[in-house]
Amino acid sequence: MTDSICPCRQTATDKLSLAACCGPYLAGAPAPSPEALMRARYSAYAVGNIDYLFDSLAPEARHDFDRKSVTHWANSSQWLGLDILSTEGGAPGDTEGFVEFAAHFIADGQRQTHKERSRFRFDAETSRWLFVEQANRKVGTIVKGKQPGRNDPCTCGSGLKYKKCCGKAA
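Residues numbered from 1 in each chain as written. Predicted model: local features only at pLDDT ≥ 70, side-chain atom pairs only at ≥ 80, totals over all residues. Heavy atoms only, no water.

## As for the overall build of the protein chain
Phase 1: Check the secondary structure of the protein chain and you find four helices and five strands.
Phase 2: Along the chain direction, N to C, the helices and strands of the protein chain fall in the order α-α-α-α-β-β-β-β-β.
Phase 3: Here the analysis covers contacts within the protein chain between residues at least 6 apart in sequence; of these, 48% occur between residues at least 24 apart.
Phase 4: By element, 48% of the accessible surface of the protein chain is carried by carbon and sulfur atoms, the whole surface being about 8600 Å². (Helix = DSSP H or I, 4+ residues; strand = E, 2+ residues; numbered from the N terminus. Contact = heavy atoms within 4.5 Å. Areas by Shrake-Rupley, 256 points an atom, 1.4 Å probe, with all protein chains shown as cover.)

Here you go:
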């Protein structure tokens, strides 16, 4: 890992290096909480670690992960930072946790913010937290500029096509 500032922007005043923040998780260490996993997933987009994005998905969420689209989106976006808005659950002994966040990026020359509440579960077999799904579609995506097309990768970072995720009719 390099000495660069971690893409997740741990805090505004204490900018940790990638090696001291998300780097160990991207290298294979289990994230200790849903928040840590969310930060690591955001950082994985920023550094193009698509394998981590797939591996940190719960098996039931992997069926339509579109590696080509996720790779394109990760590499063609400029990642500006992550704000954790709230967390629920995810303490030692919990089996489920939620993280509400705002991910900031530039895509197609437009500054964008994606807000989401995500659900995570603890897998006792592997002793790892895994991303399960976007838990609250009503939070949705705040997009300034061009809206994603139905077959574009979803702006929430799930790895699904927009039409199968945030673009799905509720």
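Here the narrative resumes.
## Focus: unusual backbone geometry
Comment: phi is negative for the bulk of residues other than glycine, and the bulk of peptide bonds are trans.
Phase 1: With a phi close to 50 degrees, aspartate 108 is a non-glycine residue in the positive phi region.
Phase 2: Tracing the chain through its elements places aspartate 108 in the loop between strand E2 (96–107) and strand E3 (110–123).
Phase 3: By relative accessible area, aspartate 108 is classed as exposed at 66%.
Phase 4: Backbone geometry places serine 127, a non-glycine residue, at a positive phi of 55 degrees.
Phase 5: Mapped onto the elements, serine 127 comes out in the loop between E3 and strand E4 (128–134).
Phase 6: Under the relative-accessibility criterion, serine 127 is labelled partly exposed at 43%. (Buried < 20%, exposed > 50% of the residue type's maximum accessible area, 1.4 Å probe, protein only.)

## A closer look at the pattern of salt bridges
Phase 1: Within this structure, the stated rule accounts for seven salt bridges.
Phase 2: As a salt-bridge pair, arginine 119 and glutamate 96 come within 3.0 Å of each other at their nearest N and O atoms. Residue arginine 119 is found in strand E3, and its partner glutamate 96 is found in strand E2; the two are separated by 23 residues along the sequence.
Phase 3: Where glutamate 133 meets arginine 119, a salt bridge forms, and the shortest distance between an N and an O atom there is 3.0 Å. With glutamate 133 in strand E4 and arginine 119 in strand E3, this pair connects stretches of sequence that are 14 residues apart.
Phase 4: Connected through salt bridges with shared partners, the residues Glu60, Arg121 and Asp123 form a single ionic network. (Salt bridge = Lys/Arg side-chain N within 4 Å of Asp/Glu carboxyl O.)

## A short note on the pairing of strand E1 (residues 78–89)
Remember that side chains alternate between the two faces of the sheet whenever the strand is regular.
Phase 1: Here E1 pairs with E2 via ten bridges, running antiparallel. Residue tryptophan 79 lies in a different strand from E2, and its bridge partner there is phenylalanine 105.
Phase 2: In this structure, the hairpin formed by E1 and E2 is closed by a connection of six residues, where glycine 90 is found at a positive phi of approximately 90 degrees. (Pairing = 2+ DSSP bridges.)

## Describing helix H2 (residues 34–47)
Think of an α-helix as 3.6 residues a turn; residues three or four steps apart then line up on the same face.
Phase 1: The terminal C-alpha atoms of H2, which comprises 14 residues, lie 20 Å apart, in line with the 20 Å expected from a rise of 1.5 Å per residue.
Phase 2: Along H2, eleven of the 14 residues are buried, which leaves the element largely enclosed by surrounding structure.
Phase 3: All buried positions along H2 are accounted for by Pro34, Ala36, Leu37, Met38, Arg39, Ala40, Arg41, Tyr42, Ser43, Ala44 and Tyr45. (Expected span 1.5 Å × (residues − 1).)

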